[in-house]
Amino acid sequence: MTSLSAPITIVRPEIIEFGVGVAAKLGKWAAAQGFERVLVVSDAFNASRVDILELPGRITVFSQVKPEPDTDNLDLLLSVASEARADLIVGFGGGSAMDLAKLASVLSGSAQTLRDVVGAGKVAQRRQVGLAQVPTTSGTGSEAGIRALVTDPQTQAKLAVESIHMLADIAVIDPSLTFTVPAATTAATGVDAMAHCVEAFTNRKAHPMIDLYAIEGVRLVGRYLARAVADGSDSEARAGLSLASLYGGFCLGPVNTAGGHALAYPLGTRWHVAHGAANALIFPHVLAFNTPAVAEKTTQVIEALNLKAAADQASVFDATFGFCAGLGIEMRLSGLGVPADDLAAMADDAFAIRRLLDNNPRELARDDILSIYQAAY
Ligand SMILES: NC(=O)c1ccc[n+]([C@@H]2O[C@H](COP(=O)([O-])OP(=O)(O)OC[C@H]3O[C@@H](n4cnc5c(N)ncnc54)[C@H](O)[C@@H]3O)[C@@H](O)[C@H]2O)c1
Ligand SMILES: [Fe+2]
């Protein structure tokens, strides 16, 4: 783990605009590039304020992105995209909108279907349209990455598509766009951003080039998340979280998440718990479980969060559970409407997510997963 000699590939959007008030820079960039037909992929809330982006040309707004979108939601977007014949696609919203924008950018007008591109490196052709991402939550870091997730309604599994062709040409990160995120979503998505950083930092595939961003992302969440939850218009705190989210996105590409996200997914797919809320609930359990395998790095995480804890599993659990609960996050599975008799099936589902579990620093057996769900109940 964390070997300097391990090979790593880093890709980033060519342009990253960051700062309070930079949203309109997207329109200037798009005009300078000569784009004439723009498709904005958005949820209902963000669709009502597309003007902020000052986009040029003929604008089509798809306003129907659902949280944790499924393949039906994607199909609806693709039918709108084929009418719009855009030369620029803009993801404007949280991870849900940005992920659908990524998929539309490579599937619209292509002979490939979603099924053809699930997995890594399956998109056959360079995309024919520009792609811009504008995050309005601070959680997923999807603006910086090459992955998109969409739920298969039949199996309830998340289908993951990974392709260099889904990397944005430009990411415009304006923290003021997140002022309106409600306190509960701010808390949950902030812990999600931190979980991306922590799971990359303590990952089997951890790398010094990414550790730098990972631990700084944790520090930013430790410093600013409680402030942003208390006062949504605290622009310094919001900027700190937008940066933490971006750093989490930097962690996802080359390293990715591990056990925490694997255990969180069944909550979302089976019980429609929001991605951030699911990850926040699972986070202290998996961090504590992993402590014996990555003791030194766990201590660094605790320090970066400005928490006090000894290096044993129980102390790590108590400190991080207290951090999440203190933000007002629901930390019991029973409190989220998950029925007790589904825990075994959830453990089976989580255990099958090898692409993430194989990254975990400590082997998580199916019964370890069930024990964690029972403890979290
Ligand atoms: N591509 C990746 O690398 C990656 C990483 C992590 C998560 N994800 C995916 O991202 C999705 C979750 O994204 P998310 O947590 O950003 O949530 P989201 O995009 O689903 O948005 C959550 C809710 O907040 C609303 N919202 C968004 N911005 C708002 C604002 N500024 N003010 C008020 N309300 C606002 C949305 O309408 C929605 O109802 C999941 O599908 C998850 O699997 C992707
Ligand atoms: Fe996440």
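Keep in mind that what you see is a predicted model, and the values were worked out from it rather than measured.

1. Looking at the coordination of the iron ion (ligand 2)
When four donors bind a metal tetrahedrally, each ideal donor-metal-donor angle is 109.5 degrees, and when six bind octahedrally, the ideal angles are 90 or 180 degrees. Around the iron ion (ligand 2), the protein contributes the donor atoms Asp192 (OD), His196 (NE2), His261 (NE2) and His275 (NE2), which lie 2.1 to 2.2 Å from the metal centre. Coordination at the iron ion (ligand 2) comes from 4 donor atoms whose angles at the metal span 90 to 159°, giving a geometry best classed as irregular. Sequence spacing of the donor residues for the iron ion (ligand 2), all on one chain, is D-x3-H-x64-H-x13-H. Of the two residues, His261 sits in helix 9 (residues 259–271) while His275 sits in helix 10 (residues 275–290), which places them 14 residues apart along the sequence. For the pair shown, His261 and His275 are each scored as buried.

2. A word on the domain arrangement of the protein chain
Looking at the assigned domains, one finds that the protein chain contains domain 1 (15–177) and domain 2 (183–376). Distance from the C-alpha centre of domain 1 to the C-alpha centre of domain 2: 26 Å. At the junction of the two partners, domain 1 supplies 18 residues and domain 2 supplies 25 residues. In terms of surface lost to domain 2, no three residues of domain 1 exceed Ser138, Arg147 and Gln156, which account for 29% of the buried area on that side. Here domain 1 is connected to domain 2 by 0 salt bridges.

3. Some words on the packing of aromatic side chains
Both the distance between ring centres and the angle between the ring planes are used here to describe each pair of aromatic rings. Following the criterion strictly, the structure yields 5 aromatic pairs and no others. Considering the side-chain rings of Phe317 and Phe321, the 5.3 Å spacing of their centres and the 35° angle between planes classify their relative orientation as tilted. With a gap of 4 residues between them, Phe317 and Phe321 both fall in helix 12 (residues 313–326), about one helical turn apart. On the accessibility criterion, Phe321 (28% relative accessible area) is partly exposed. One aromatic cluster in this structure is built from Tyr213, Tyr247 and Phe250. Of note, Arg12 hangs over the ring of Phe250, and the distance from its end group to the ring centre comes to 3.6 Å. In this arrangement the basic side chain of Arg362 is found over the ring face of Phe289, its NZ or CZ atom lying 4.0 Å from the centre.

4. Here's the deal with the site of ligand 1
Taken together, 26 residues surround ligand 1, and among them Ser96, Thr136, Thr137, Lys158 and Thr180 come closest. Separating a nitrogen atom of ligand 1 from a side-chain N or O atom of Asn46 is a distance of 3.3 Å. The side chain of Thr136 places a nitrogen or oxygen atom 2.7 Å from a nitrogen atom of ligand 1. Secondary structure elements with two or more residues in the shell around ligand 1: helix 2 (44–47), helix 4 (95–107), strand 7 (147–151) and helix 6 (183–201). Sorting elements by how many residues they give to the shell around ligand 1 places helix 4 first, with 4 residues. Of the residues belonging to the shell around ligand 1, the class tally is 7 nonpolar, 12 polar and 7 charged. Each of two domains, domain 1 (15–177) and domain 2 (183–376), supplies a minimum of three residues to the shell around ligand 1.

5. A word on the sheet that holds strand 1 (residues 15–18)
Strand order in the open sheet formed by 6 strands is 1-9-6-4-2-3, with parallel pairing between adjacent strands. What marks the edges here is a single partner per strand, and that holds for strand 1 and strand 3 (58–62). Each strand of the sheet is rotated relative to its neighbour by a mean of 15°, with strand direction disregarded. As paired elements, strand 2 (residues 37–42) and strand 3 share 5 bridges and run parallel to each other. Bridging across to strand 3, Leu39 finds its partner in Thr60. Contacting strand 2 and strand 3, helix 3 (residues 71–84) crosses the sheet at an angle of about 165° to strand 3.

6. Topic: the pattern of salt bridges
Evaluation of the coordinates by the stated rule reveals 16 salt bridges. In this structure, Asp211 engages Lys297 in a salt bridge whose closest nitrogen and oxygen atoms are separated by 2.9 Å. Here the residue Asp211 occupies a position in helix 7 (residues 208–230), and Lys297 occupies one in helix 11 (residues 295–304), the gap between them amounting to 86 residues. For the residue pair Asp211 and Lys297, the accessibility class agrees, reading buried in each case. The partner of Asp367 in a salt bridge is Arg366, and the shortest N-O contact between them spans 3.2 Å. It is possible to trace a salt-bridge network through shared partners that takes in Arg227, Asp234 and Glu236.

7. Concerning empty space enclosed by the protein
To find the voids left in a structure, one rolls a probe of water-molecule size over its atoms. For the coordinates displayed, the defined rule picks out 4 cavities of 30 Å³ or more. By volume, the largest cavity is sized at about 80 Å³. Forming the walls of the largest cavity are Val198, Glu199, Thr202, Ala258, Gly260, Phe283, Val286, Leu287, Asn290 and Asn360. When residues of the lining of the largest cavity are traced back to their parent elements, those giving at least two are helix 6 and helix 10. Of all the elements, helix 10 adds the most residues to the lining of the largest cavity, at 4 residues. For the lining of the largest cavity, the per-class residue count stands at 5 nonpolar, 4 polar and 1 charged.

How each quantity is defined
- Residues numbered from 1 in each chain as written.
- Chains lettered and ligands numbered in written order.
- Predicted model: local features only at pLDDT ≥ 70, side-chain atom pairs only at ≥ 80, totals over all residues.
- Heavy atoms only, no water.
- Donors = N, O, S within 2.8 Å, 3.2 Å for Na, K, Ca; no water.
- Tetrahedral: all angles 85-135°; square planar, octahedral: opposite > 155°, others 65-115°.
- Helix = DSSP H or I, 4+ residues; strand = E, 2+ residues; numbered from the N terminus.
- Buried < 20%, exposed > 50% of the residue type's maximum accessible area, 1.4 Å probe, protein only.
- Domains from an automatic or database assignment.
- Contact = heavy atoms within 4.5 Å.
- Buried area = accessible area lost by both parts, 1.4 Å probe.
- Salt bridge = Lys/Arg side-chain N within 4 Å of Asp/Glu carboxyl O.
- Phe/Tyr/Trp six-rings, centres within 6.5 Å; stacked < 30°, edge-to-face > 60°.
- Lys NZ or Arg CZ within 6 Å of the ring centre and 35° of its normal.
- Near = heavy atom within 4 Å.
- Polar contact = N/O pair within 3.5 Å; in protein donor to acceptor, adjacent residues only side chain to side chain.
- Nonpolar A, V, L, I, M, F, W, Y, C, P; charged D, E, K, R; others polar.
- Pairing = 2+ DSSP bridges.
- Axes fitted to C-alpha atoms, helices over the stretch in contact; angles between N-to-C directions.
- 1 Å grid on protein atoms, 1.4 Å probe; cavity = no way out; pocket = protein on both sides within 12 Å on 5 of 7 lines; lining within 4 Å.
- Points joined across faces, edges and corners; volume = space filled by probe spheres on them.

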